[in-house]
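# Residue-level structure breakdown
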Amino acid sequence: MDFKGVRVLLLDGFCRQNAILLKELHDLGCEVTTLCDSKLDVSYASRYPKRRILDRKFKKDLSYYEELILRLAKTGEYDVIFPVVEEATDIISRNIDEIKKYAKTTVPPHEAFEKAKDKQLTMKICMENGIYCPKTKMDNETLDEYLATVQFPLALKPREGRGSVGFKKVHNREELDNLIAEGTVKVEEYVIQEFIDEAETHRVSYTMIDQNGQVKSSMISKSTRPYPLGIGTNSRFESVDMPEIARQSELLLQLMGWRGYASVCFIESDKDHIPKVMEINGRISASFKISVVAGLHIVRQLLEMAYDAEVTPQPEQLNYNRQISHSQSSFLWFLKSPSRFRKEDCKHKGIRRDVVFSWADPLPYLTYSFQCLGKYKKEMKKRER
C-alpha cells in the first residue's frame, strides 16, 4: 500500500522515540503534523514534520488532552492519528468510535489495553499458561498463604503504572506489615511477587499482531545498564535471537486479545538467566529504534492495519547483534555503576546508534539533551524508595 501524502497527526512530541517514528513516516511519504508542548521537544526540533502544533497544557491536564485530541480529530485535517504514550493511547482507545468518524488510528482494542495495564492480571495469565514470570500473590490467596510459598526479599509495585515509580523492595515480614499498616501499600492495589535478584539484564519484545490476530513481527532485544541503578529503565539495547522468548510474548498478547503493536518486558537474573515477564507496554516503546535497526517495519504495518489492509510480514532474516543506546542515561550509568568495566559491557565493536541522534536530523538530540538536564532531579525524586 502506498502512503504518499497520507496526513498523519503524531501525538506526544516530547517522546524520544518520535525521532525514529518521524523518519519512518517521512520515508513512507506521509505528511506529518506533530503535537508538542515545548520548542525543545524532539518532534518540534526535527526537520521531518510538515507542521508543528505547540500546546503547553496537554501534558499537565489529561481531561484537556482528551478534549484536544477529539477537537483535532474533528477538524478532518488528518487521515491517521498516531499516539505514542499510554495516556494518549488510552484516550483514543476509549473514544475510538467517535474518533473513527473522522480519522483512522493505530491503537489496540480498549478491552485488551485495559487488561495489559493490570500487572496482576498479566501475572495471572502467565502463571496459568506456562509463561515465565516471577511467583506472584494471586487475588484468591491470602497474604499468609502466599508468604508460605516464597522467600524474602519481595518486590511490590502498583498494579497499574510504568517504569519503577512506586516500586518497593521489602526484606522481611515486619517491613511488609509496616508498609501495609501505614497505608503506603494497599494489598489490593499492589502486585506482590518474588524479587529477582542480580537482574541488570532485561529482555524486551517488539511484537505486531494484525487485525486478524496473526503475528506479523516479533523480535527480542537484550537491554542493560539501568539508571537509576537497579530500579531505572535500561539505557542500552541489542537485537538478539531468542525465539522461545519471542513465542512467549506472542502467546501472552494473543491471550490478551491484543491487536496492533506492544512490547512485553522480561527481567532476567544473572543467577539462572531465565527471562520472566514483568509487564506489557501497550505503547510505542522508548527503545523502538532497535526494532527498525534490526529490520522490522512496524510503522508501515501499523498504517496498513489502520487502513484494514493486509499487513506485510517481517523479513525472513533480521539483523541481530545491533545496538542502540540512550546516551544520556548510559553516561550516568557509567559514572555510577561498579560493573562499568565488565568485559561483556565493553566487548561490542560494531556500530552503536543512539536512540535520538541521527546525522540526517541532528537538532533533536541537542534539544532533547537540554530537556534531560532539566528533568534529572525530578525523575530521581519520583523513584525514591
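Reading the values: the criteria
- Residues numbered from 1 in each chain as written.
- Predicted model: local features only at pLDDT ≥ 70, side-chain atom pairs only at ≥ 80, totals over all residues.
- Heavy atoms only, no water.
- Core = buried A, V, L, I, M, F, W, Y, C linked by side-chain atoms within 4.5 Å.
- Buried < 20%, exposed > 50% of the residue type's maximum accessible area, 1.4 Å probe, protein only.
- Helix = DSSP H or I, 4+ residues; strand = E, 2+ residues; numbered from the N terminus.
- Axes fitted to C-alpha atoms, helices over the stretch in contact; angles between N-to-C directions.
- Left-handed = near helix turned anticlockwise from the far one by under 90°.
- Contact = heavy atoms within 4.5 Å.
- Nonpolar A, V, L, I, M, F, W, Y, C, P; charged D, E, K, R; others polar.
- Salt bridge = Lys/Arg side-chain N within 4 Å of Asp/Glu carboxyl O.
- Pairing = 2+ DSSP bridges.
- Phe/Tyr/Trp six-rings, centres within 6.5 Å; stacked < 30°, edge-to-face > 60°.
- Lys NZ or Arg CZ within 6 Å of the ring centre and 35° of its normal.

### Regarding the nonpolar core
The biggest cluster of nonpolar side chains holds 65 residues, and the ones touching the most others in it are Leu11, Cys30, Tyr65, Tyr206 and Phe288. Here the element with the most residues in this core is helix α3 (residues 62–74); it accounts for seven residues.

### Description of the packing of helix α4 (residues 86–94) against helix α6 (residues 110–117)
Two elements in contact, α4 and α6, have axes separated by 9 Å at closest approach and are oriented at 145°. Here α4 runs over α6; the crossing is left-handed. Across the interface between the two elements, Glu86, Thr89, Asp90, Ser93 and Arg94 of α4 pack against His110, Phe113, Glu114 and Lys117 of α6. Split into classes, the residues belonging to the contact of α4 with α6 amount to one nonpolar, three polar and five charged.

### Side note on the pattern of salt bridges
Using the criterion set out here, one finds 22 salt bridges in the structure. Ionic pairing is found between Glu194 and Lys276, a salt bridge with its closest N-O pair at 3.5 Å. With a gap of 82 residues between them, Glu194 in strand β8 (residues 190–194) and Lys276 in strand β13 (residues 275–281) connect regions that are remote in the sequence. Accessibility expressed as a relative area gives 14% for Lys276, which makes it buried.

### Thoughts on the sheet that holds strand β3 (residues 51–54)
Strand pairing in a sheet relies on backbone hydrogen bonds. The paired strands run either parallel or antiparallel. Across the sheet, five strands lie side by side as β3-β2-β1-β4-β5; this open sheet has parallel pairing. Among the strands making up the open sheet, the edge pair consists of β3 and β5 (104–105). The pairing of strand β2 (residues 31–36) with β3 spans four bridges and is parallel. Its bridge partner lying in β3, Leu35 is registered against Ile53.

### Considerations on the packing of aromatic side chains
Scanning the model with the defined rule gives seven aromatic pairs in all. When the ring of Tyr261 is compared with that of Phe288, the centres are 5.5 Å apart and the planes differ by 85°; the resulting orientation is edge-to-face. Of this pair, Tyr261 sits in strand β12 (residues 260–268) while Phe288 is found in the loop between β13 and α11 (289–294), placing the two residues 27 residues apart along the sequence. Assessed through its relative accessible area of 0%, Phe288 is described here as buried. With 4.9 Å between their ring centres and 85° between their planes, Phe357 and Trp359 make a pair best called edge-to-face. Exposure remark for Trp359: the relative accessible area of 77% places this residue in the exposed category. Ring-pair connections join several aromatic residues into one group, and the members of that group are Phe14, Phe58 and Tyr65. Stacked on the ring of Tyr44, the Lys or Arg Arg52 has its end atom at 5.9 Å from the ring centre. A cation over a ring is seen here: Lys59 above Phe14, with NZ or CZ 4.2 Å from the ring centre.

### Describing the pairing of β8
With four of its five residues buried, β8 lies for the most part within the structure. Where strand β6 (residues 154–158) and β8 come together, five bridges link them in antiparallel fashion. By the bridge assignment for β8, Leu154 is matched with Glu194.

### Remarks on unusual backbone geometry
The residue after Phe152, namely Pro153, is reached through a cis peptide bond having omega 5°. By secondary structure assignment, the location of Pro153 is in the loop between α8 (143–147) and β6. Phi angles above zero are rare outside glycine, and His273 is one such case at about 55°. Looking at the element boundaries, His273 is found in the loop between β12 and β13. According to the relative accessible area criterion, His273 is partly exposed, its value standing at 48%. Non-glycine residue Asn321 carries a positive phi angle of around 65°. When you line up the elements, Asn321 lands in the loop between α12 (298–306) and β14 (323–325). By relative accessible area, which is 48% here, Asn321 ends up partly exposed.

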